[in-house]
Amino acid sequence: MTETPVATDDVLRKRALEALTTARARTRLLTECVDDRELTAQHSPLMSPLVWDLAHIGNQEEQWLLRAVAGRDAIRPEIDSVYDAFEHPRAERPALPLLSPAESRTYASDIRGRVLDVLEAHPLHGSPLVDSAFAFGMIAQHEQQHDETMLITHQLRRGPAALDAPEPPGGGTAGLPAEVLVPAGPFTMGTSAEPWALDNERPAHHRHADAFFIDTTPVTNGAFQAFVADGGYTDERWWAPEGWDQIRRHDIGAPLFWRHEGGQWLRRRFGVTEPVPEDEPVLHVSWYEADAYARWAGRRLPTETEWEKAARHDPASGRSRRYPWGDEDPTPERANLGQRHLRPAPAGAYPEGASPLGVRQLIGDVWEWTSSDFLPYPGFAPFPYREYSEVFFGPGHKVLRGGSFAVDAVACRGTFRNWDLPVRRQIFCGFRTARDA
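Going along each chain's sequence as written, the residues are numbered from 1 onward. Where local features are concerned, this predicted model is filtered to residues with pLDDT of at least 70; where side-chain atom pairs are given and counted, the filter is 80 or more; whole-chain, interface and lining totals use all residues. With hydrogens and water excluded, all non-hydrogen atoms of the structure serve as input to the side-chain values.

A word on the confidence of the model for the protein chain
Here is step 1 of the chain: Averaged over all residues, the pLDDT of the protein chain is 96; the fraction at 70 or higher stands at 98%.
Here is step 2 of the chain: Scored below 50 in pLDDT, residues 1-7 shows two contacts in the model against residues more than four places distant or in partner chains. Residue-level confidence of the predictor is what pLDDT reports, using numbers from 0 through 100. Two residues form a contact once any of their heavy atoms are found within 4.5 Å.

Below is the structure:
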């Protein structure tokens, strides 16, 4: 029996409400755990002040859900340019006439109250922007993406810890193969069916991948320490020319936030200094560092096509799954997502989240660098605005896949694509390696 449009809209409203509510609770957590001085400070020129992100979240919500969807008049049109991410680089944002912390909270709260009224009454069909509650899902994803950005700012800030979370579940690689063979053949990449998928994930299309081996788990801190100890940062052979220039100019000799002291490696993690755990996936390495490690190990980074085939393709059925474990949404037993823990789980964790071929931790824990440039899929169409994806296409940005512990499930799918400059290290990024079969 087919659901009625009303029932379908009811399900969509509930899903959108849950996504928006979850995002806002996390935003509050990230902005209420520090005082106003910390909110207005710029903790790194790479990042905005936290108070900018807070008001930007509200402004995007107003522009898309109140103005574009509901057709309402602008509430604060004079601040649109202040919170335009393309008009003002992050380093310049502290000098803008920003709303105060109190004003930002009031503004974001006022917008949210009006949005919930729209969600309750507006039809969720009739145009691409509202079909399947897309605009509401897009805004929930946008807020969660800024929550991840604010968590990066928390990692960069100095001072005592302001956040806490329980430890992730244990892992262990005993009995696991070091790598898994992914057979050659075609598979379906991307999606045309996921209702809240963003434009760069679309459309679904066929790709062929030659047979390859891929690491069963992400590369660990212990494995990366071997690269460091073997002089990996001082041997030009392993580095792309631009990467070699980068580490020479900035005197880089280890992942970001690491330091060697008293005969051991220590790291700073959200205000706490601790020994680097050898069994955890390595974190805060640039694409150049990941690429150099892979060359040193006699391997390479997987292409984006290879990564998605390893994560989604089911050889038994020949179809591509939504997630490595199947089509069901993520659960705490399957993946480390949503800032549930403030660190990656040890390598080998989450056996219930493994792919059909047995590859672990493809969703959550750490973003994984691939060798691929960020490019459109065949048939790509920008929607609902060019600045989300299209302006970033080209050789300047590398693709990351899989999400991290800082990503919420609403903004993480088997088809989800992230991208960044190859020099970036402050993001929650790691990698796994591959080789030709």
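Let us keep going from here.
Focus on unusual backbone geometry
Residues other than glycine predominantly adopt negative phi, and peptide bonds predominantly adopt the trans conformation.
Here is step 1 of the chain: Here the residue pair Arg-202 and Pro-203 is connected by a cis peptide bond, since its omega of -10 degrees sits within 30 degrees of zero.
Here is step 2 of the chain: Helix and strand definitions follow DSSP, with helices as H or I runs of at least four residues and strands as E runs of at least two, each counted in order from the N terminus. With respect to the helices and strands, the residue Pro-203 is situated in the loop between strand E2 (185-189) and strand E3 (205-209).
Here is step 3 of the chain: The omega angle of the peptide bond from Phe-383 to Pro-384 is -5 degrees, so this bond is cis rather than trans.
Here is step 4 of the chain: Checked against the element boundaries, Pro-384 lands in the loop between strand E8 (367-374) and strand E9 (394-401).
Here is step 5 of the chain: A positive phi is found at Asp-251, a non-glycine position, where the angle reads about 50 degrees.

Quick word on the sheet that holds strand E12 (residues 434-436)
One key point about sheets: their strands pair by backbone hydrogen bonds, in either a parallel or an antiparallel sense.
Here is step 1 of the chain: We call two strands paired when DSSP finds no fewer than two bridges between them. Strands sit in the order E1-E4-E12 across an open sheet of three strands; the sheet is antiparallel. Looking at strand neighbours, the two that pair on one side only are strand E1 (179-182) and E12, the edges of this open sheet. Geometrically, the sheet is characterised by an average inter-axis angle of 25 degrees between neighbouring strands, direction not taken into account.
Here is step 2 of the chain: Sheet topology places strand E4 (residues 212-215) next to E12; three bridges connect them, and they run antiparallel. Among the inter-strand pairings, Phe-212 is bridged to a residue of E12, identified as Asp-436. Angles here are taken between N-to-C directions and fall from 0 to 180 degrees, while the axes themselves are lines fitted to C-alpha atoms, restricted in helices to the stretch in contact.

Overview of the packing of aromatic side chains
Here is step 1 of the chain: Pairing of aromatic side chains here covers Phe, Tyr and the six-membered ring of Trp, requires ring centres within 6.5 Å, and sorts the geometry by plane angle: under 30 degrees stacked, over 60 edge-to-face, intermediate tilted. Scanning all chains against the criterion turns up 27 aromatic pairs.
Here is step 2 of the chain: Arranged with centres 5.3 Å apart and planes meeting at 40 degrees, the rings of Phe-134 and Phe-383 form a pair that is tilted. Taken together, the residues span a long stretch of sequence, with Phe-134 in helix H5 (residues 134-156) and Phe-383 in the loop between E8 and E9 at a distance of 249 residues.
Here is step 3 of the chain: Residue classification places Phe-134 among the buried residues on the basis of a relative accessible area of 4%.
Here is step 4 of the chain: Considering the side-chain rings of Tyr-323 and Trp-325, the 4.9 Å spacing of their centres and the 5 degrees angle between planes classify their relative orientation as stacked. Each member of the pair, Tyr-323 as well as Trp-325, carries the same accessibility label: buried.
Here is step 5 of the chain: Grouping aromatic residues by their ring pairs yields a cluster made of Trp-64, Phe-86, Phe-374, Phe-380, Tyr-385, Tyr-388, Phe-392, Phe-393 and Trp-419.
Here is step 6 of the chain: By definition, being over a ring means that NZ of Lys or CZ of Arg is both within 6 Å of the ring centre and within 35 degrees of the ring normal. Above the plane of the ring of Trp-196 lies Arg-15, whose end atom (NZ or CZ) is 3.6 Å from the centre.
Here is step 7 of the chain: Above the ring of Tyr-377, the side-chain terminus of Arg-417 is found at 4.2 Å from the ring centroid. For the exposure calls, accessible area comes from a 1.4 Å probe over protein chains only, and a residue counts as buried if that area is under 20% of its type's maximum, exposed if over 50%, partly exposed in between.

Regarding helix H7 (residues 241-249)
Here is step 1 of the chain: Taken together, the buried positions of H7 are Gly-243, Trp-244, Gln-246 and Ile-247. For H7, the angular spread of buried residues about the axis comes to 160 degrees, placing them on one side. The exposed set on the far side of H7, more than 90 degrees from its buried face, consists of Pro-241 and Arg-249.
Here is step 2 of the chain: Looking at the buried residues of H7, the elements they touch are helix H8 (287-296).
Here is step 3 of the chain: Looking one or two residues beyond H7, the residue adopting positive phi is Asp-251, at roughly 50 degrees. Along the arc lie the directions from the helix axis toward the C-beta atoms.

Points about the side chain of Glu-306
Here is step 1 of the chain: Here Glu-306 is to be found in helix H9 (residues 304-312).
Here is step 2 of the chain: Under the relative-accessibility criterion, Glu-306 is labelled buried at 9%.
Here is step 3 of the chain: A polar atom in the side chain of Glu-306 sits 3.0 Å from the backbone nitrogen of Thr-303.
Here is step 4 of the chain: Excluding residues within four positions of it along the chain, Glu-306 makes contact with Phe-212 and Arg-300. Polar contacts here mean pairs of N or O atoms no more than 3.5 Å apart (in protein, one a potential hydrogen donor and the other a potential acceptor; neighbouring residues in sequence count only if both atoms are side-chain atoms).

Re the environment of Leu-337
Here is step 1 of the chain: Counting through the fold element by element, Leu-337 comes out in the loop between H9 and E8.
Here is step 2 of the chain: Aside from chain neighbours lying at most four places away, what touches Leu-337 is Pro-330, Ile-363, Gly-364, Ser-404, Phe-405, Val-407, Ala-409 and Cys-412.

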